[in-house]
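Take a look at the letters that make up each chain.
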Amino acid sequence: MTAASIAGSGPFPPDQMAVREPAGAATVVDLDGLPEVDFGDTEGELTRRGVLRRDVDACGQTLAGHETISPVFAEDRLVLLWAGDPARTPEGVAAGTTLAEVRHRYPQARHLDAPPGRHRFDGLLARDGDRAYLFLHDGRTVRKVIAGYADWAQRAFEEGHGPC
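Quick notes on the rules
Here, residues in each chain are numbered from 1, in the same order as that chain's written sequence. Since the coordinates come from a predicted model, pLDDT governs what is reported: local features require at least 70, and pairs of side-chain atoms require 80 or more to be given and counted, while whole-chain, interface and lining totals use all residues. Where side-chain values are given, they derive from all heavy atoms of the structure, hydrogens and water being excluded. Only DSSP runs of H or I reaching four residues or more are called helices, and only runs of E reaching two or more are called strands; each is numbered from the N terminus. Exposed residues in this analysis have more than 50% of their type's maximum accessible area, buried residues have under 20%, and partly exposed residues fall in between, with area computed by a 1.4 Å probe over protein chains only. Here, residues are in contact when the closest pair of their heavy atoms is within 4.5 Å. Only the protein chains shown count as covering a residue, and every accessible area follows the Shrake-Rupley method with a 1.4 Å probe. Here, nonpolar core means buried Ala, Val, Leu, Ile, Met, Phe, Trp, Tyr and Cys residues that are tied together by side-chain atoms lying within 4.5 Å of each other. Salt bridges are counted wherever a side-chain nitrogen of Lys or Arg sits within 4 Å of a carboxyl oxygen of Asp or Glu. To pair, rings of Phe, Tyr and Trp, with the six-membered ring standing in for Trp, must have centres within 6.5 Å; the planes then decide the type, stacked if under 30 degrees apart, edge-to-face if over 60, and tilted in the middle. Cation placement over rings: the criterion is NZ of Lys or CZ of Arg within 6 Å of the ring centroid and within 35° of the ring normal.

Some thoughts on the overall build of the protein
(1) Moving on: The helix and strand inventory of the protein stands at three helices and 11 strands.
(2) Moving on: Start at the N end of the protein and walk to the C end: the helices and strands fall as β-β-β-α-β-β-β-β-α-β-β-β-β-α.
(3) Moving on: Taken across its 164 residues, the protein has 47% of its residues classed as buried.
(4) Moving on: The contacts of the protein with a sequence gap of at least 6 include a subset with a gap of at least 24, amounting to 56%.
(5) Moving on: Carbon and sulfur atoms form 49% of the exposed surface of the protein, whose accessible area is close to 8200 Å².

Next comes the structure, spelled out in structure tokens:
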């Protein structure tokens, strides 16, 4: 993940800002990304469209209208989305979902053990072709949902990198 760029491209004009979701709305993050954000999009494209922001008080860039979702870029391309509550997968998995429910909805998910002696969560990797969901969990419930390219999700888990 060393190549992952967290540097922003600067603020964008107010007339190009995306409309925020209503309070309580759950954003669906799928294996393509979000409705207006696709994996593989460049930082420049997202900035021009008014979707990528770094003018908010957060750890790195955010997506306009999706302040609980953090983008991760590598070689100027969007490779992962770290999704916080209330974002969910199309199958309804979000932070707080039980592991039993995740295993039911993603039976092919592979368990990943966090390295011993580290303060990191274990994971479940649900891969579909070159894309995957990585569900970080505390042994009982999902703590974080990550979606994107499978190789980058695996690498983020192994190296312990996050969006900040």
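Considerations on the nonpolar core
What tends to happen in soluble globular proteins is that the nonpolar side chains get buried as a cluster.
(1) Moving on: Formed by 44 residues in total, the largest nonpolar core has its most connected members in L80 and F135.
(2) Moving on: Those elements that place two or more of their residues in this core are strand 6 (69-74), strand 7 (77-83), helix 2 (99-105), strand 9 (122-128), strand 10 (131-137), strand 11 (142-149) and helix 3 (150-159).
(3) Moving on: For this core, the leading source of residues is strand 7, giving six residues.

Topic: the pattern of salt bridges
(1) Moving on: A full pass over the atoms with the stated rule returns nine salt bridges.
(2) Moving on: D151 is the salt-bridge partner of R127, the closest N and O atoms lying 3.6 Å from each other. Of this pair, R127 sits in strand 9 while D151 sits in helix 3, and the two are 24 residues apart along the sequence.
(3) Moving on: Under the relative-accessibility criterion, D151 is labelled exposed at 56%.
(4) Moving on: Measuring nitrogen to oxygen at the nearest pair gives 3.9 Å for the salt bridge that ties D138 to R140.
(5) Moving on: In this structure R140 comes out as exposed when scored by relative accessible area, which is 60%.
(6) Moving on: One connected set of salt bridges, linked through shared partners, spans D32, D130 and R131.

Topic: helix 3
(1) Moving on: Turning to helix 3, its buried residues are A150, W152, A153, Q154, A156 and F157.
(2) Moving on: Of the residues one or two after helix 3, G160 is the one with positive phi, at around 75 degrees.

Notes on the packing of aromatic side chains
(1) Moving on: Per the counting criterion, the structure on display carries four aromatic pairs.
(2) Moving on: Look at Y133 and F135: their rings are 5.8 Å apart centre to centre, the planes differ by 25 degrees, and that puts the pair in the stacked class. The residues Y133 and F135 share a single accessibility class, namely buried.
(3) Moving on: The cationic tip of R120 hangs over the ring face of F157; the distance from NZ or CZ to the ring centre is 5.8 Å.

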